[in-house]
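Summary of structural features
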Amino acid sequence: HTRYPLVTGVQTCTLPISYARRGAVETAMEWRCTCKTTPSRAAACQAAIVANHPYEVPEILVSTTVAAGTYAAWVRDSVGDVPTSESPGGPSGER
């Protein structure tokens, strides 16, 4: 997988957030980044985020989405994922 990127792309936006920290409520702007990858590349993607993130405990939420056949194939090809019969979505590996 070293010659392939971990994601096909990243959507970003900033959002206001209020949170409790050390007994006080704080408000800030935070980034939301949606990384497009496959389930088999998700762990490596998360590890790269943790290794490069300035926060001690970055918020990482993982959700699985089913993609249309041709788009799913493009994502798999882009990140070097090889579908198997055990892949979610069956032999075609559609996710």
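Just so it is clear, the structure is predicted and the values come from calculations on it, not from any experiment.

1. Considering the layout of surface pockets
As a volume, the largest pocket reaches approximately 1500 Å³. Cys33, Thr34, Glu59, Ile60 and Leu61 are, among the 39 residues lining the largest pocket, the residues nearest its centre. Of all the elements in the fold, those that place two or more residues in the lining of the largest pocket are strand S1 (9–21), strand S2 (24–36), helix H1 (39–52) and helix H2 (69–79). Here the element with the most residues in the lining of the largest pocket is S2; it accounts for nine residues.

2. Regarding the environment of Cys35
Position of Cys35 relative to the elements: it lies in strand S2. On the basis of relative accessible area, Cys35 is assigned to the partly exposed category, the value being 30%. Separated by 27 residues in the primary sequence, Cys35 and Thr8 have C-alpha atoms spaced 7.7 Å apart. If we skip the residues at most four places from it in the chain, Cys35 touches Val7, Gly9, Val10, Cys45 and Ile49.

3. Some thoughts on H1
Here H1 spans 21 Å end to end across 14 residues, near enough to the 20 Å set by a 1.5 Å rise per residue. Of the residues making up H1, those classed as buried are Arg41, Ala42 and Cys45. Buried residues along H1 cover an arc of 120° about the axis, so they all sit on one side. Looking at H1, the residues exposed on the side facing more than 90 degrees away from the buried face are Ala43 and Ala51.

4. Comments concerning the packing of aromatic side chains
Taken as a whole and assessed by the stated rule, the structure comprises one aromatic pair. Taken together, a centroid distance of 5.6 Å and an interplanar angle of 40° make the contact between Tyr71 and Trp74 tilted. Of this pair, Tyr71 and Trp74 both sit in helix H2, separated by three residues, roughly a single helical turn. Judged by its relative accessible area of 35%, Tyr71 falls in the partly exposed class.

Cut-offs applied
Residues numbered from 1 in each chain as written. Predicted model: local features only at pLDDT ≥ 70, side-chain atom pairs only at ≥ 80, totals over all residues. Heavy atoms only, no water. 1 Å grid on protein atoms, 1.4 Å probe; cavity = no way out; pocket = protein on both sides within 12 Å on 5 of 7 lines; lining within 4 Å. Points joined across faces, edges and corners; volume = space filled by probe spheres on them. Helix = DSSP H or I, 4+ residues; strand = E, 2+ residues; numbered from the N terminus. Buried < 20%, exposed > 50% of the residue type's maximum accessible area, 1.4 Å probe, protein only. Contact = heavy atoms within 4.5 Å. Expected span 1.5 Å × (residues − 1). Arc of directions from axis to C-beta. Phe/Tyr/Trp six-rings, centres within 6.5 Å; stacked < 30°, edge-to-face > 60°.

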